[in-house]
Amino acid sequence: MRVPLEAYLTMSGAKVYSLVAAVSFSPLDIDLSHLARGEWNALTDRFRVWYLGQGEGDGHPTCYLMIRKFDAQEGVLLYGHVVVNLDQGVGAEDARVFTVGIMSNDEIRARSMLNSMLEIPPSFHKRGEIRLVEHRWRDDPDAVMRFLANIHSTMAQQAPDPSGKVYTLKFKPPPGLMGELTRNLGTWW
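All figures in this text were calculated on a predicted structure; none of them were measured in a lab.

Caption draft 1: Just the overall build of the chain, in detail. The helix and strand tally for the chain stands at 5 helices and 6 strands. Listing every helix and strand of the chain by position from the N terminus yields α-β-α-β-β-β-β-α-β-α-α. Classification of the 189 residues of the chain by burial places 41% in the buried group. Residue pairs in contact within the chain that sit at least 24 positions apart in sequence constitute 69% of those at least 6 positions apart.

Below, the structure written as structure tokens:
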């Protein structure tokens, strides 16, 4: 199933596919060529490593990787959030070294993004080595808002105006929105 990106802009039928996996091994390899499908657009696609120290975000150190891939031809946006579980002890019951969260308007592409982290040489980790925590379509405001923020960011970077004019996009978030977006960055929401 795929939800057209326009549905998020009008909020008509807005829901996002959420796929969350607990990963108990390290290192976690990512096949970027599989994810990029041969094309990476520096204007819209992102591969970012975040570190928020003590006092930033929700107060304790957080480290995560954000991956965003936009396929303009297919109208598909993938947003991945790979959290390094800094507080988790290896060998503990239900140990998670990483939590991988993926949001997309296309269920098949979300699963493909998760597959880009499996069967990678030299370790060749299998699907059975991860535990799916969530795999469902969500229409709750928190999930849709987080995905919508990535849609707005992607759309703001689209092709320039044919006249050559440069536009500046100014967005003044409502009070409390930025605090809400940074809440629980070290976990999946």
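Caption draft 2: Quick look at the pattern of salt bridges. Under the defined criterion, the tally for this structure stands at 9 salt bridges. Among the ionic pairs, Arg-2 bridges to Glu-74, the shortest N-O distance being 3.3 Å. You can see Arg-2 sitting in the segment before α1 (6-10) and its partner Glu-74 sitting in the loop between β3 (62-71) and β4 (76-84), a full 72 residues away along the chain. By relative accessible area, which is 43% here, Glu-74 ends up partly exposed. Where Glu-107 meets Arg-111, a salt bridge forms, and the shortest distance between an N and an O atom there is 3.2 Å. With a gap of 4 residues between them, Glu-107 and Arg-111 both fall in helix α3 (residues 107-115), about one helical turn apart. The structure contains a network of salt bridges with shared partners spanning Glu-134, Arg-136, Arg-138 and Asp-140.

Caption draft 3: Highlighting the side chain of His-125. Note that His-125 resides in the loop between α3 and β6 (130-138). With relative accessibility at 15%, the residue His-125 sits in the buried group. Apart from the residues within four sequence positions on either side, His-125 is in contact with Phe-25, Pro-27, Leu-118 and Glu-119.

Caption draft 4: Spotlight on the pairing of strand β5 (residues 98-104). Taken across its 7 residues, β5 has 7 buried, putting it largely inside the fold. As paired strands, strand β1 (residues 16-23) and β5 are joined by 7 bridges and run antiparallel to one another. The residue bridging Ala-22 from the neighbouring strand is Thr-99, located in β5. Judged from the 7 bridges that link them, β4 and β5 form a sheet pairing that is antiparallel. Considered in β5, the bridge of Gly-80 is made with Ile-102.

Caption draft 5: Fine view of the environment of Asp-106. Tracing the sequence through the fold places Asp-106 in the loop between β5 and α3. Sequence spacing of Asp-106 and Leu-77 is 29 residues, and the spatial spacing of their C-alpha atoms is 7.7 Å. Ignoring sequence-local partners within four residues, the contact set of Asp-106 consists of Met-1, Arg-2, Val-76 and Trp-137.

Caption draft 6: The arrangement of the side chain of Thr-99 in detail. Locating Thr-99 in the fold gives a position in strand β5. With a relative accessible area of 6%, Thr-99 lands in the buried category. Only 3.2 Å separates the side chain of Thr-99 from the side chain of Asn-85, close enough to count as a polar contact.

Caption draft 7: Fine view of the sheet that holds β4. Taken together, 6 strands build an open sheet; the order of strands is β2-β3-β4-β5-β1-β6 and the sheet is antiparallel. Pairing within the sheet leaves two strands with one partner each, and these edge strands are β2 (46-52) and β6. Direction aside, neighbouring strands of the sheet carry axes that sit 15° apart on average. Note that β3 and β4 share 9 bridges and pair antiparallel. Within β4, the residue paired with Ile-67 across the bridge is Gly-80. Packed on one face of the sheet, α3 meets β1, β3, β4, β5 and β6 and runs near 20° to β1.

Rules and cut-offs
- Per-chain numbering applies: the sequence of each chain, read as written, is numbered from 1 onward.
- The model is predicted, so local features are restricted to residues of pLDDT at least 70 and side-chain atom pairs to those at 80 or more, both for listing and for counting; the totals for chains, interfaces and linings are taken over all residues.
- Each side-chain value is worked out from all heavy atoms of the structure, with water and hydrogens disregarded.
- The way it works is that DSSP assigns letters per residue, a run of H or I at least four long becomes a helix, a run of E at least two long becomes a strand, and they are numbered from the N terminus.
- Whether a residue is buried, partly exposed or exposed follows from its accessible area with a 1.4 Å probe, protein chains only, as a fraction of its type maximum: under 20%, in between, or over 50%, in that order.
- Contact between two residues is taken to exist if any of their heavy atoms lie within 4.5 Å; hydrogens are not considered.
- What makes a salt bridge here is a side-chain nitrogen of Lys or Arg within 4 Å of a carboxyl oxygen of Asp or Glu, nothing more.
- Each pair of strands is called paired provided DSSP finds at least two bridges between the two strands.
- Any pair of nitrogen or oxygen atoms within 3.5 Å is treated as a polar contact; in protein, a donor-acceptor pairing is required on top of that, and neighbouring residues in sequence qualify only through side-chain atoms on both sides.
- Here, axes are lines fitted to C-alpha atoms. For helices the fit covers the stretch in contact, and angles between N-to-C directions go from 0 to 180 degrees.

Shape is all these values report; function is a separate question.
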